[in-house]
Amino acid sequence: MSQRTEGRYHDPVMVHEVVELFSPLAHGVVVDATFGGGGHSAAILRNLADDVEIVAIDRDPDAVAHAADKASAFGDRLRVIEGNFGDLDVILDSIGIDRIAGVLFDLGVSSRQLDTPDRGFSFRAPGPLDMRMGPDAAITADRLVNEMPAEELGRLIRRFGEERHASRIARAIAEARPITDTAHLASVVRAAVPAAARRAADPARRTFQALRIAVNDELTAVDRGVGAGFDRLAPGGRGIVISYHSLEDRIVAGHVRTRTTVDVPPGLPVEPEPAPFIDLTPKARRPTAAEVSANPRARSARLRAIERRAA
């Protein structure tokens with residue numbers, strides 16, 4: 001691995017809400033599907049009963065390598081595994097775990113990844129067109145930026161970045177090829193967007209988001225991982241998902257809705273059985289103003305939680 005200028009891991013987002021929602025859990029395994037810097041795992045282990053253990057997963061080898069200090073502090077209550085949370089079923093089967101007491105997903109890119117230029121996630125600093133969260137990603141952003149046909153690239157930016165100027169941006173990227181690094185890409189995107197659209201926020205943000213999602217196949221992982229995590233919950237078990245943009249949140253909300261509602265045909269003569277899960281957050285929770293002030297990257301966070309009904 002090349003030498004990197006590395007940033008620190010971010011403060012865990014909505015950690016007090018996570019601990020509160022998991023507080024009824026008295027024993028069993030909680031899966032932290034997005035370990036990162038381990039802030040959520042540490043808070044859970046400090047505040048929950050000693051009979052609660054954590055299996056932590058991260059697809060980024062850097063995160064796993066930096067987990068040693070956290071693991072040593074909690075002994076055999078914390079196990080860290082390198083893997084993609086989209087493969088949650090396979091990972092849990094491989095270590096002999098069937099039902100779990102809880103599961104947490106803190107989606108999106110970590111501050112350490114954003115603040116490490118050599119990872120290529122940041123539109124504010126020059127770096128390679130990489131954007132892979134882990135070695136399991138099949139392609140890099142360079143391939144998409146420099147090889148994808150402009151029309152297809154425009155569709156990708158529109159879909160995953162929800163960018164209204166996607167076609168203009170894609171044409172500008174195609175005309176500027178070869179694009180050599182993230183700073184070059186960001187400047188091309190900014191120049192392609194009308195001046196009025198540049199005032200609210202950096203216009204490169206949505207394009208970088210779209211490329212990152214595509215490189216890492218993030219939405220597929222969210223769909224598979226969250227579904228598997230919820231379905232693995234034991235009676236009384238709880239699942240929590242923190243998302244940061246509407247594409248993630250729609251998937252999560254769909255998984256919550258299908259498990260917490262029962263379709264009742266008109267005129268049904270008997271009372272239907274209750275849904276197998278309870279929606280603990282009918283309206284997604286948002287971070288407090290104080291947390292956003294202290295940690296601006298929490299601003300867009302939305303937390304949803306679910307509980308499997310006790311048998």
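Analysis parameters
Residues numbered from 1 in each chain as written. Predicted model: local features only at pLDDT ≥ 70, side-chain atom pairs only at ≥ 80, totals over all residues. Heavy atoms only, no water. Helix = DSSP H or I, 4+ residues; strand = E, 2+ residues; numbered from the N terminus. Rg over C-alpha atoms; globule rule 2.2 N^0.38 Å. Buried < 20%, exposed > 50% of the residue type's maximum accessible area, 1.4 Å probe, protein only. Contact = heavy atoms within 4.5 Å. Core = buried A, V, L, I, M, F, W, Y, C linked by side-chain atoms within 4.5 Å. Axes fitted to C-alpha atoms, helices over the stretch in contact; angles between N-to-C directions. Parallel < 35°, antiparallel > 145°, perpendicular 65-115°, else oblique. Left-handed = near helix turned anticlockwise from the far one by under 90°. Pairing = 2+ DSSP bridges. Salt bridge = Lys/Arg side-chain N within 4 Å of Asp/Glu carboxyl O.

A.B. asks: Explanation requested: the overall build of the chain in the structure shown.
C.D. replies: Along the backbone of the chain there are 14 helices and seven strands. Radius of gyration (C-alpha) of the chain: 21 Å, near the 19 Å computed for a compact globule of 311 residues. With the C-alpha coordinates of the chain rotated into their principal frame, the extents come out at 60 × 60 × 40 Å. Looking at the chain as a whole, 52% of its 311 residues are labelled buried. In the chain, of all internal contacts separated by at least 6 residues, the share reaching a separation of at least 24 is 72%.

A.B. asks: Sorry, what's going on with the nonpolar core here?
C.D. replies: Nonpolar side chains in soluble globular proteins tend to end up buried together. Formed by 36 residues in total, the largest nonpolar core has its most connected members in L144, L156, I173, L185 and L211. For this core, the secondary-structure elements that each account for two or more residues are α7 (141–147), α8 (150–161), α9 (166–176), α10 (182–192) and α11 (204–216). Looking at which element gives the most residues to this core, the answer is α11, with seven residues. Leaving out residues up to four positions away in the same chain, L185 has contacts with L129, V145, I173, I179, F208 and L211. Of all hydrophobic cores here, the second largest spans 30 residues; its members include V19, L25, I54 and A301.

A.B. asks: Just checking my understanding: could you explain the packing of α10 against α11 for this structure?
C.D. replies: When two helices pack together, their arrangement is given by the angle between the helix axes and by the axis-to-axis distance. Between α10 and α11, whose axes approach to 9 Å, the crossing angle comes to 125 degrees. Classified by the angle between their axes, α10 and α11 sit oblique to one another. In this structure, α10 meets α11 at a crossing whose hand is right-handed. Contacts between α10 and α11 involve T182, L185, A186, V189 and R190 on the former and, on the latter, A204, T207, F208 and L211.

A.B. asks: Help me understand the sheet that holds strand β7 (residues 302–308) in this model?
C.D. replies: The strand order across the open sheet formed by seven strands is β3-β2-β1-β4-β5-β7-β6, and the pairing between neighbours is mixed. Bordering the open sheet on either side are β3 (78–82) and β6 (277–279), each of which pairs with just one other strand. Neighbour to neighbour, the strand axes of the sheet diverge by 15 degrees on average, direction disregarded. Pairing of strand β1 (residues 28–32) with strand β4 (residues 100–106), which is carried by three bridges, proceeds in the parallel orientation. When the sheet's bridge partners are listed, D32 is paired in β4 with L104. Where helix α1 (residues 15–22) meets the sheet, its contacts fall on β1, β4, β5 (233–243) and β7, and the angle it forms with β5 comes to roughly 170 degrees.

A.B. asks: Would you mind going over the pattern of salt bridges with me for this structure?
C.D. replies: A side chain of one charge can pair with a side chain of the opposite charge when the charged atoms of the two come close. If you walk through the whole model with that rule in mind, you get 16 salt bridges. Residue R232 is joined to D89 by a salt bridge in which the shortest nitrogen-to-oxygen separation is 2.9 Å. One end of the pair, R232, is in the loop between α12 (218–231) and β5; the other, D89, is in helix α5 (residues 88–94), and 143 residues separate them in sequence. Taking relative accessible area as the criterion, D89 reaches 36% and is therefore assigned partly exposed. Residues R232 and D93 are paired through a salt bridge, measuring 2.7 Å at the closest nitrogen-oxygen approach. With R232 in the loop between α12 and β5 and D93 in helix α5, this residue pair connects regions lying 139 residues apart in the sequence. Residue classification places D93 among the exposed residues on the basis of a relative accessible area of 51%. Because the salt bridges share partners, they merge into one network encompassing D60, D62 and R119.

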